[in-house]
Amino acid sequence: LEIGNESIIEIGACKVEPSGKEYFFQEFVKPVSEISPLITKITGITNEMVKGAPSLKEVLTEFIRFCGPNINIVAHNAQFDIPWLLTSLNRHKQTLDIQQVLCTLKWAKSKEEGKRSLGALSKKYQIGHENAHRALSDAVVTKSLYYIYEKEHDDQPFEALDRYAGMSDKI
C-alpha cells in the first residue's frame with residue numbers, strides 16, 4: 001500500500017481498440033519481500049501464488065508491449081494506481097507512451113455518486129465483480145463503468161499525465 005516500502009505484485013489491464021475488440025493482460029510479479037497478511041486479505045494473493053513469478057522489470061516490459069503507443073489509461077482511483085506505475089517505470093528506466101488519464105473515481109465524485117468504491121459502483125450498475133482487488137478483474141469493471149458514464153455524458157474528464165507524474169516524483 002506504500003510505494004516506497006512495497007512493490008507491485010500483479011498487473012492487469014484490458015485494452016479496447018476503436019473497433020471494440022478487447023485484449024487482456026494479467027501477470028503476477030515476483031515481490032521484493034514477503035506479501036503481508038493485510039495485502040493477502042485485500043487481494044487474495046498469497047506468497048505461494050507469486051512464487052516463480054517474473055520480475056517487475058520483465059512484467060513491465062511485457063505490459064509496455066501489450067499497451068503499444070499513444071495510450072489513454074482509465075483507472076479507478078488513478079491517484080493510487082498511476083503513481084505506482086510511473087514510479088515502477090522510472091525505477092526500471094522504462095517508459096510507457098501515456099497520452100491522458102481518466103479516473104472513474106473522480107468521475108463518480110463529480111456525478112455525486114453516494115458510494116464510490118469500485119465494489120459499490122459495480123453493484124449499483126450491476127457489473128459482475130467476482131475477484132475484487134485483483135488487477136484484471138478491477139480493470140474489466142473499470143472499463144464497464146467508463147462505458148456506462150460515457151453514455152451519460154458527452155465530456156470525458158481525461159487529464160494530462162503531468163498531474164500524476166508530479167505525485168510520483170514526490171515519492
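To keep things clear, this report deals only with the structure shown in the data block.

About the criteria used
Here the residue numbers are simple positions, counted from 1 along each chain's written sequence. Whole-chain, interface and lining totals are the exception, using all residues; otherwise, since this is a predicted model, local features are given only for residues with pLDDT of at least 70 and side-chain atom pairs are given and counted only at 80 or more. Calculation of side-chain values draws on the structure's entire complement of heavy atoms; hydrogens and water are dropped beforehand. A pair is scored as a salt bridge if a Lys or Arg side-chain nitrogen falls within 4 Å of a carboxyl oxygen belonging to Asp or Glu. Only DSSP runs of H or I with at least four residues qualify as helices, and only runs of E with at least two residues qualify as strands; both kinds are numbered from the N terminus onward. Here's how the labels work: a residue is buried when its accessible area is under 20% of the maximum for its type, exposed when over 50%, partly exposed in between, all with a 1.4 Å probe on protein chains only. Expected helix span is given by 1.5 Å per residue-to-residue step, counting one fewer step than there are residues. In this description, contact between two residues means that some pair of their heavy atoms is separated by no more than 4.5 Å. At least two bridges found by DSSP between two strands is the condition for calling them paired. Stacked, tilted and edge-to-face are the three classes assigned to paired rings of Phe, Tyr and Trp, where Trp is represented by its six-membered ring and a pair needs centres within 6.5 Å; plane angles under 30 degrees give stacked, over 60 edge-to-face, the rest tilted. Note on criteria: charge over ring means Lys NZ or Arg CZ within 6 Å of the ring centre, with the direction from the centre no more than 35 degrees off the ring normal. Look down the strands so they point away from you; if going from the first strand over the helix to the second traces a clockwise path, that crossover is right-handed.

## Looking at the pattern of salt bridges
- On inspection of all chains with the given rule, the structure shows seven salt bridges.
- The salt bridge involving E62 is made with R65; its shortest N-O contact spans 2.4 Å. Within this pair, E62 and its partner R65 are both found in helix α3 (residues 56-67), separated by three residues, close to a single helical turn.
- Exposure remark for R65: the relative accessible area of 55% places this residue in the exposed category.
- Measuring nitrogen to oxygen at the nearest pair gives 3.4 Å for the salt bridge that ties R163 to E159.
- Residue class for R163 comes out partly exposed when judged on its relative accessible area of 33%.
- In this structure, a network of salt bridges that share partners links the residues K106, E159 and R163.

## Considering α3
- An ideal rise of 1.5 Å per residue puts 16 Å on twelve residues; α3 measures up with 16 Å between its terminal C-alpha atoms.
- At its buried positions, α3 is contacted by β1 (10-16), β2 (22-28), β3 (71-75) and α4 (78-91).
- G68 sits one or two positions beyond α3 and adopts a positive phi of about 80°.

## Thoughts on the sheet that holds strand β4 (residues 98-103)
- The mixed open sheet is built from three strands, whose spatial order is β3-β4-β5. What marks the edges here is a single partner per strand, and that holds for β3 and β5 (159-160).
- Bridge count between β3 and β4: five bridges; the pairing is parallel. When the bridges of β4 are listed, V74 appears paired with L102.

## Brief notes about unusual backbone geometry
- The phi dihedral of N77 falls on the positive side, at around 70°, and the residue is not glycine.
- As for its placement among the helices and strands, N77 is situated in the loop between β3 and α4.
- The residue H133 is not glycine, and still its phi comes out positive at about 70°.
- For H133, a relative accessible area of 47% translates into the label partly exposed.

## Considering the packing of aromatic side chains
- For the structure on display, the rule yields eight aromatic pairs.
- By way of ring pairs, the aromatic residues W107, Y125, Y146, Y147, Y149 and F158 are connected into one cluster.
- Directly above the aromatic system of Y23 lies the positively charged group of K15, at a separation of 5.4 Å from the ring centroid.
- Taking NZ or CZ as reference, K15 lies 5.0 Å from the ring centre of F66, over its face.

## As for the pairing of β4
- Handedness of the β3-α4-β4 crossover: right-handed.
- Direction of pairing for β4 relative to β5: antiparallel, over a ladder of two bridges. Looking at β5, one finds that Q100 is bridged to A160.

Function-wise, these values are silent; they only describe arrangement.
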